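Chain by chain, the residues:
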Amino acid sequence: ETGVTQTPRHLVMGMTNKKSLKCEQHLGHNAMYWYKQSAKKPLELMFVYNFKEQTENNSVPSRFSPECPNSSHLFLHLHTLQPEDSALYLCASSQDYKSLPIQENTEAFFGQGTRLTVV
Amino acid sequence: AQKITQTQPGMFVQEKEAVTLDCTYDTSDQSYGLFWYKQPSSGEMIFLIYQGSYDEQNATEGRYSLNFQKARKSANLVISASQLGDSAMYFCAMREKSEETSGSRLTFGEGTQLTVNP
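Because the structure is predicted, anything quoted here is derived from the model rather than measured.

## Brief notes about the nonpolar core
Core analysis: the biggest nonpolar cluster contains 25 residues, and B:Tyr25, B:Trp36, B:Ile49, B:Leu77, B:Tyr90 and B:Leu114 have the highest contact counts within it. Listed by contribution, the elements that provide at least two residues to this core are strand E2 (10–14), strand E3 (19–21), strand E5 (33–39), strand E6 (46–52), strand E8 (64–69), strand E9 (74–79), strand E10 (88–97) and strand E12 (112–117) of chain B. If you tally residues by element for this core, the top one is E10(B), at 4 residues. Counting 22 residues, the second largest nonpolar core, distinct from the first, contains A:Tyr49, A:Leu78, A:Ala87 and A:Val118.

Here's what the structure looks like:
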């Protein structure tokens, strides 16, 4: 069993559909992330939840809506997407220590990703 | 400004030889962490090695070592005795304090595609 599990692994949706991506971590971490990976581009950080509170939203269009009901689960709700939103969406988690220097923070553990195709 | 720069879009190496993947970073923080990840064609991101900004010794993990040159802001990954299974995309990443929050953020470079030839 991997530490971070994403479902579904593949998703094809029309531009008028509504779907959700799910991420679950079994590592006891307090921070979770959504990244978007498009072809030939670096990973783009979309959302960060630290201590269950959304702390970053990097100018992501409102057609992407995150939800973090508890520290183990993270969702990405999708609606009226565009073809350019087709990408690999990666979830990650880490243990973020507010009281320690940044260099003490651990690595992020990633799920296997959801490959999304918008048609 | 680009935080993480990987100047080698693609690298080729012969099996059993060593290869160095370059990474330079930009930060004004004193405390930060540097990471390397491997991404095979299947898509998952696999953590390889970590270097803290205050660590005086270069990190090593098996066949992976990190050549950390703080003054030059570089954190190159060295893979020794390359294997065919090492063929993958390799990403350098940096964790630094978030500008907006009290937490931290992990920023990635564009990656280097490594191909190991038999």
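Structure shown, so let's carry the discussion forward.
## A closer look at the sheet that holds strand E1 (residues 4–7) of chain A
All names here are of chain A. Strand order across the open sheet formed by 4 strands is E1-E3-E8-E7, with antiparallel pairing between neighbours. In the strand order of this sheet, the two ends are held by E1 and strand E7 (64–70), each with one partner. The sheet shows a mean angle of 15 degrees between the axes of neighbouring strands, direction not considered. Bridge analysis of E1 against strand E3 (residues 18–25) gives 4 bridges, and the strand direction is antiparallel. Bridge pairing in E3 places Thr7 opposite Lys22.

## Topic: the layout of surface pockets
If you add up the space inside the largest pocket, you get close to 250 Å³. If you go around the largest pocket, you meet 17 residues; those closest to its centre are A:Gln37, A:Ser38, A:Ala39, A:Lys40 and B:Gln39. Contributing elements (two or more residues each) for the lining of the largest pocket: strand E9 (87–94) of chain A together with E10 of chain B. With 3 residues, the top contributor of residues to the lining of the largest pocket is E10(B). By residue class, the composition of the lining of the largest pocket is 7 nonpolar, 6 polar and 4 charged.

Procedures and definitions
- Along each chain, residues carry numbers from 1 onward, in the same order as the chain's sequence is written.
- For naming, the first written chain is A and the first written ligand is 1, with later ones following in the order written.
- Side-chain atom pairs in this predicted model are given and counted only at pLDDT of 80 or more, local residue features only at pLDDT of at least 70, and totals for whole chains, interfaces and linings cover all residues.
- Here the side-chain values reflect all heavy atoms present in the structure, with hydrogen atoms and water set aside.
- The definition of a nonpolar core used throughout is a set of buried Ala, Val, Leu, Ile, Met, Phe, Trp, Tyr and Cys residues joined through side-chain atoms within 4.5 Å.
- With a 1.4 Å probe rolled over the protein chains alone, any residue whose accessible area is under 20% of its type maximum counts as buried; one over 50% counts as exposed, and the rest are partly exposed.
- Each helix is a run of H or I in the DSSP string that is no shorter than four residues. Each strand is a run of E no shorter than two, and both are numbered from the N terminus.
- Between any two strands, pairing holds if DSSP finds at least two bridges.
- Lines are fitted to the C-alpha atoms to define the axes, a helix being fitted only along its stretch in contact, and any angle between axes, read from their N-to-C directions, falls within 0 to 180 degrees.
- Cavity: a set of points on a 1 Å grid over the protein atoms alone where a 1.4 Å probe fits but cannot get out. Pocket: an open set with protein on both sides within 12 Å along at least five of seven lines, its lining residues, like those of a cavity, having an atom within 4 Å of a point.
- Grid points are joined across faces, edges and corners, and a volume is the space filled by probe spheres set on the points.
- Asp, Glu, Lys and Arg are counted as charged, while Ala, Val, Leu, Ile, Met, Phe, Trp, Tyr, Cys and Pro are counted as nonpolar; the rest, among them Gly, fall into the polar class.

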